[in-house]
Amino acid sequence: MEKLIFSCLIVLVGLFTTELRVASGVWQQAHATFYGGSDASGTMGGACGYGNLYTDGYGIKTAALSTALFNDGKSCGGCYQIICDASQVPQWCLRGTSITITATNFCPPNYALPSDNGGWCNPPRPHFDMSQPAFEMIAKYKAGIVPIFYRKVGCKRTGGIRFTINGRDYFELVLISNIGGAGDISRVWIKGSKMSNWESMSRNWGANWQSLSYLNSQSLSFRVQLSNGRISTAYNVAPSSWTFGQSFISKVQF
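Residues numbered from 1 in each chain as written. Predicted model: local features only at pLDDT ≥ 70, side-chain atom pairs only at ≥ 80, totals over all residues. Heavy atoms only, no water.

**Things to note about the side chain of Asn 105**
Relative to the assigned elements, Asn 105 resides in strand β4 (residues 99–106). With relative accessibility at 13%, the residue Asn 105 sits in the buried group. Here the side chain of Asn 105 touches Ala 47 through a polar contact of 2.8 Å, landing on its backbone nitrogen. In contact with Asn 105, other than residues within four places in its own chain, are Tyr 35, Gly 46, Ala 47, Cys 48, Ala 63, Ala 64, Leu 65 and Phe 70. (Helix = DSSP H or I, 4+ residues; strand = E, 2+ residues; numbered from the N terminus. Buried < 20%, exposed > 50% of the residue type's maximum accessible area, 1.4 Å probe, protein only. Polar contact = N/O pair within 3.5 Å; in protein donor to acceptor, adjacent residues only side chain to side chain. Contact = heavy atoms within 4.5 Å.)

**Some details on the pattern of salt bridges**
On inspection of all chains with the given rule, the structure shows two salt bridges. Put simply, Asp 184 and Lys 152 hold a salt bridge, and the shortest N to O gap is 3.5 Å. Of the two residues, Asp 184 is situated in the loop between β8 (171–177) and β9 (185–192) and Lys 152 in strand β6 (residues 146–153); the sequence distance between them amounts to 32 residues. Here Asp 184 and Lys 152 have matching classes, each one buried. (Salt bridge = Lys/Arg side-chain N within 4 Å of Asp/Glu carboxyl O.)

**With respect to the state of the cysteines**
For the structure shown, the criterion picks out four disulfides. Between the sulfur atoms of Cys 48 and its disulfide partner Cys 76 the distance amounts to 2.0 Å. Classification of the bridge connecting Cys 48 and Cys 76 rests on its S-S torsion, roughly -85°, and on that basis the disulfide is left-handed. Residue Cys 48 is found in the loop between β1 (28–35) and β2 (62–65), and its partner Cys 76 is found in the loop between α3 (67–70) and β3 (79–84); the two are separated by 28 residues along the sequence. Judged by relative accessible area, Cys 48 falls into the buried class, the value being 0%. Two residues, Cys 79 and Cys 155, share a disulfide whose sulfurs are 2.1 Å apart. (Disulfide = S-S within 2.5 Å.)

Here you go:
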């Protein structure tokens, strides 16, 4: 069986060479289910803090990650290529298909159910609860749950990094979305036009980062570092007239 699985992966690598050129991880095994309805409307929002997933650059190709993968929100924005394991369930997989999803939510454990019968997201299981449209791109709806191969890959985005500023005076809560490259953020710095140095922000939750400085009436610049160490700087992305609740799209991307 191991030889069969390995052979299948070699064939799949050949089929999806274009996507795999930006891959940064190795193939691993997990399972996938789906949620959110046929239009994925139930996937909006979520534990990463994104609002409208279309506005934030992610659309319907998203998934909620189990505890083993979510990493307390540090995986938010990361991309994973997923392939249904046809060697185990050929009747349910759509052969020759693959999808790249973005981690936008958390799939909580359900300790009332066994890990192999309903408690799919219980630790230490790696599990993807995909949007229904995303799931149906690799498997049949009636399957409900399928074994998969997955790997961490680079994210391809359209347009610049998006910064949404919420909070209040002395508490700027910035949602950072539409991130390309590795996708998942490890560090963020902010600099107001009246500041001489960059200030390190702290992760509040998911893709939301906070500053406790008074930054009103200053244009704001952001420096973002991803999990792979790459850094991109968006200078003066928010003008000095910014107000809480506004979003700004930078001219930079990974």
